[in-house]
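Chain by chain, the residues:
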Amino acid sequence: MRYAETGFNLEIDLTRGNVEKVATDPKDTELYLGGLGTSAKILWDRVPPEVEPFSPDNLLIFSTGLLCGTPALSANRTIVATISPQTKLMTFSMMGGFFGQELKHAGYDKIIIRGKSPNLVYLWISDDKVEIRDAGHLKGKGTLETQGLIRNELKDQKAQVSAIGLAGENRIFYASIECGKSSASRNGVGGVMGDKGLKAIAVRGKKDIHIARPPEFMETCNEILQYMDHRLKEPIKLPDGMPVILANLGIQEMAHHDEEWHTTNFAWGNARHRRLDFWTKENEKQWKDSQENAVSRLIGCYNCPIRCGGSISQKGANNFMMKCYSKLTYTMAAMSDLDFGFNIVARAQEYGVDGYTTPQVMAFAVELYEDGILTERDMPGFPSGNEDRFYWLLDKIVRREGIGDVLADGTYWAAKAIGRGAEAYAHNNIKKTEQLPLKLGMLNPIYFLMYATGEKVNITQIEGQFPQAPHLSREDREEFVKDWIQVPNERLKEYFVNWEPRTFPHYPTPAATCEIVEWQEMMHYIDDATGVCTAVSSFVLKPPYHIHNFPKLIASGTGIEMDEDKLWKIAKRIRTLVRAVNVRRGMRRKDERPPEDHWKKRFPELEAKLLDEYYKFKGWNNEGIPTKVFLDELQLGYVSEDLLKRGVLTENIDAP
Amino acid sequence: MKGEKKKKIIKIIKVDVDKCSGCRACEVICSAFHAAPEYSSNNPERSRIRVIHEPIKDVYIPVYAGEYTPAECAGRGQYTIDGKDYDECAFCRASCPSRDLFKEPDSGLPLKCDMCESDPPLEAPLCVQWCLPDALTYEEREEEVEEEVVLEEMEIGLEALAEKYGLQKIADGIARMSKND
């Protein structure tokens, strides 16, 4: 009997039309938990570095987290892992919602998809019955539309359907996979799905999920529930300069009207202009009205009491559901307002594109046009109105029509194709991936390391529990740490208490910075293996889930013995394995840098020192490659063996 | 079956559909509590409360299981409230032949909310305790009612089987099963 997980993966070969239910090795759960952890192991074992993203040999893995579907609150994430067309590296894009638990109730921990179907198909999984069905009639349909059509066709309104839209079908490098209000959006996982000829996956599960030691497990769940209740009623008192939104659990963009922090701190347009005086009384009122008109209800993901999503109904647009930050990304890229933001997301979501990258790519094109690098010849019929331009570009991109075909590969590859100096306009990438449009003054050593080395390539999925700024007075900082039970050790409290405002870049010291970054990163990797949402865990301040209660929950849920040291080591193992997949694909130190203009004040020597120390701290050599000693310590001997054989590691640079 | 007038505590789960976020925590905790042994497994299919939802229409209705009924309704109602259409049966709590709600997935036997009967009694049913958005709240009220004989859970199940197969078949079945033992 397996607990919390099912012990089975579904293997789908779309080339041959073959379906297999395969038992998994319980030893892998002990070493890698599940979710991202076990998916990284599969990608390491089965996708060698020569395999191109759009190759039948690339795998597309939909995975539940280890705790998904159990009563563990907010454990509802589906982790989609594959080799990304955008970065050519391993990517793992995640979504909340209702897909993961449904898959587990159907009796599977993962769906592993290989090959390519000659015709567009969709997958129908209803417990033990699995069918590959024709999807010819769904070609070109929107993501929400497809979900509805499939549910009707299957006569099962409770089926959860993950679908791609036109963008995925046309292999856009930032195409998403959409499921209800949720989406796995980053780095083109939808494009890989489209390349495989897979329009959608529908799942319906009616089986039980078992818990190893129920009373103990429920005790922890109830503690978490009570703490969530407390935090929902009493937000945290934040240091000045930190956004109000971080005082709460979840990412409450649909509930909050106050957007002063985002609109004045983030850059508008092609990540260029800060508008420090934007948040006037007049704008505040207009934005509040827009949001109240559009959001008819706050909605949540499976078994999560926090409401990060919104039901959106707007005049002139189809109803849809929105989450998180996409209301602002289009608005700010187009220098427009919230009405526009809500409206264009309705269309973009049907096409199935990433709400972070897409607006930036379009703002990049507008800027190139205005500066004469792209001309009327490249973009015949390009409208003059700003909002019209965004709709026009969106329509071209998802169809790969004209200039859209170039822009569909993201700013990094598009700039190379356009030439004529366009590369200077693709200024906001890390590892070929569009970043949030933030342009700041003084180098922040903590964020420097997270940006540079994060394999998620997305800051919101790396940052989290350590405040972004200190309280002005020491007394306030001492007050803050009083109930800071989430820290792994007392040193982290000290680093915070001793943190005087405006001491970047030399505070925290590189050694302290390493520890702060490591803590934040490890908690994210634990979330992604267990399927717990970061918005009640690693992404937020003083979260309900932390290193001290996770071991008990995992142990009582699965029956696998667990303590803090062991869990920390597992998180390191997963993180190192992801890095190993990527260094085998050629990623090196030179790739680990934030956008050049991210901070005005840069310190090359300090930055080099930070990287040196962090690599050493992580057990990596000077190129960012995990050393043999460290790999062997983590029971990743098969990795060091392979890296040595390939010459990625050599014995002489491998000294720890 | 008529009895005397008697004071009775009426237990009420109040449902505010406007506050429902559609998270289905109620389904999770209900099915976990009613698992045997308690909390050893969970499965919304076995839950005695379900959230009927159509997200695109912004419809979310938590419905907890009421009585079993052997027959379908003669007609179907449909409601429009605040401009939103609610499908037939949306607010109905019955386990009935016209839909797959509130049926034990293995046996097909009807499920019914027991307000998380427990010894000692819980403060409130668990679906209410786990609903932090407060779409579900709990109230008790005293009422004078005529006493009636309350059927045990097994009897409810048997009654449903009898409706489906007839008493004779069930009696035969039980006789056969006891022989095999």
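Residues numbered from 1 in each chain as written. Chains lettered and ligands numbered in written order. Predicted model: local features only at pLDDT ≥ 70, side-chain atom pairs only at ≥ 80, totals over all residues.

> Can you walk me through the overall build of chain B in this structure?
Regarding its fold elements, chain B presents four helices and seven strands. Each helix and strand of chain B, ordered N terminal to C terminal, gives the series β-α-β-β-β-β-β-α-β-α-α. Each principal axis of the C-alpha atoms in chain B carries an extent, and together these give about 55 × 40 × 35 Å. Of all 181 residues assigned to chain B, the portion counted as buried reaches 32%. Residue pairs at least 24 apart in sequence account for 63% of intrachain contacts in chain B once pairs closer than 6 positions are excluded. (Helix = DSSP H or I, 4+ residues; strand = E, 2+ residues; numbered from the N terminus. Buried ≥ 20, exposed ≤ 12 C-beta atoms within 10 Å, placed from the backbone. Contact = placed C-beta atoms within 7 Å.)

> Looking at this model, I keep getting lost on the interface of chain B and chain A. Mind explaining?
Often, the extent of an interface is quoted as the loss of accessible area upon association of its parts. Facing the 23 residues of chain B at the interface are 32 residues of chain A. For the side of chain B that touches chain A, the element with the most residues is helix α1 (residues 25-33) of chain B, which contributes four residues. For the side of chain B that touches chain A, a count of residues per class yields 13 nonpolar, six polar and four charged. For strand β13 (residues 209-210) of chain A and strand β2 (residues 41-42) of chain B, the ladder comprises two bridges, and the chain directions are antiparallel. Counted as the bridge partner of A:Ile209 is B:Asn42 from β2(B). (Nonpolar A, V, L, I, M, F, W, Y, C, P; charged D, E, K, R; others polar. Pairing = 2+ DSSP bridges.)

> Any chance you could explain the confidence of the model for chain B here in plain terms?
Reading predicted coordinates in detail is not appropriate for stretches of low pLDDT. Taken over all residues, the pLDDT of chain B has a mean of 90, while the share at 70 or more is 97%. With a pTM of 0.94, the predicted complex shows an ipTM of 0.96. (pLDDT = per-residue confidence, 0-100.)

> Help me understand the domain arrangement of chain B in this model?
Residues and elements named next belong to chain B. Taken as a whole, chain B is organised into domain 1 (5-147) and domain 2 (151-181). Its C-alpha centre places domain 1 at a distance of 27 Å from the equivalent point of domain 2. Taken together, the five residues of domain 1 in the interface contact four residues of domain 2. Grouping the amino acids of the side of domain 1 that touches domain 2 by side-chain chemistry returns four nonpolar, no polar and one charged. (Domains from an automatic or database assignment.)

> Please explain the environment of A:Thr558 as it appears in this structure.
All names here are of chain A. Turning to its location among the elements, Thr558 is positioned in helix α20 (residues 550-558). Spatially, the C-alpha atom of Thr558 lies 37 Å from that of Gln349, the residues being 209 residues apart in sequence. Non-local contacts of Thr558, meaning those with residues more than four positions away in its chain, are made with Tyr3, Ala4, Thr29, Leu66 and Ala212.

> I keep staring at the sheet that holds strand β4 (residues 78-83) of chain A and nothing clicks. Help me out?
Pairing between the strands of a sheet comes from backbone hydrogen bonds, and it takes one of two forms, parallel or antiparallel. All names here are of chain A. Read across the sheet, six strands follow the order β2-β1-β6-β3-β4-β5 without closing on themselves; strand pairing throughout is mixed. Of all the strands in the sheet, just β2 (18-23) and β5 (90-95) have a single pairing partner and so form its edges. Taking the axes of each pair of neighbouring strands and ignoring which way they run, one obtains an average angle of 15° across the sheet. As defined by bridge partners, strand β1 (residues 8-13) adjoins β2 across six bridges and the pair is classed as antiparallel. Its bridge partner being in β2, Leu10 is matched across the sheet by Lys21. Against the sheet, helix α2 (residues 36-46) makes contact with β3 (60-64), β4, β5 and β6 (110-114), and its axis sits at roughly 20° relative to β4, the strand it touches most. (Axes fitted to C-alpha atoms, helices over the stretch in contact; angles between N-to-C directions.)

> Whenever I open this one, the domain arrangement of chain A confuses me. Can you help?
All names here are of chain A. The domain boundaries assigned to chain A delineate domain 1 (8-204) and domain 2 (357-433). When each unit is reduced to the centre of its C-alpha atoms, the spacing between domain 1 and domain 2 is 29 Å. Taken together, the contact pairs ten residues of domain 1 with twelve residues of domain 2. Looking at the side of domain 1 that touches domain 2 residue by residue, the class counts come to six nonpolar, four polar and no charged.

> Looking at this model, I keep getting lost on the pairing of β3(A). Mind explaining?
Each regular strand shows side chains that alternate between the opposite faces of the sheet. All names here are of chain A. Within β3, five of the five residues are buried, which leaves it mostly tucked inside the rest of the structure. Here β3 shows two buried faces, one formed by Leu60, Phe62 and Thr64 and the other by Ile61 and Ser63. Alignment of β3 against β6, held across four bridges, turns out to be antiparallel. Paired with Phe62 across the two strands is Ile111, which belongs to β6.

> Is there a simple way to think about the sheet that holds strand β18 (residues 320-323) of chain A in this case?
All names here are of chain A. With respect to topology, three strands assemble into an open sheet ordered β16-β17-β18, the strand pairing being antiparallel. In this open sheet, the two strands that pair with only one neighbour each are β16 (295-299) and β18. Each strand of the sheet is rotated relative to its neighbour by a mean of 30°, with strand direction disregarded. Where strand β17 (residues 309-312) and β18 come together, four bridges link them in antiparallel fashion. Within β18, the position partnered with Ile312 by the bridge is Phe320.

> Explain α1(B) here, please?
In an α-helix there are 3.6 residues to a turn, and that puts residues three or four apart on one side. All names here are of chain B. Of all nine residues in α1, nine are buried, a share of seventy percent or more. When α1 is considered as a whole, its buried residues turn out to be Ala25, Cys26, Glu27, Val28, Ile29, Cys30, Ser31, Ala32 and Phe33. Where α1 is buried, its residues touch β2, β3 (49-54), β4 (59-64), α2 (126-129) and β7 (136-146).

> Explain the nonpolar core to me, please; I cannot follow it from the model alone.
Membership of the largest hydrophobic core comes to 226 residues, with the highest contact counts inside it found for A:Tyr122 and A:Ala202. Those residues in contact with A:Tyr122 that sit more than four places away from it in its chain are A:Arg133, A:Ala135, A:Leu138, A:Ile150, A:Leu198, A:Lys199, A:Ala200, A:Ile201 and A:Ala202. (Core = buried A, V, L, I, M, F, W, Y, C linked by C-beta atoms within 7 Å.)

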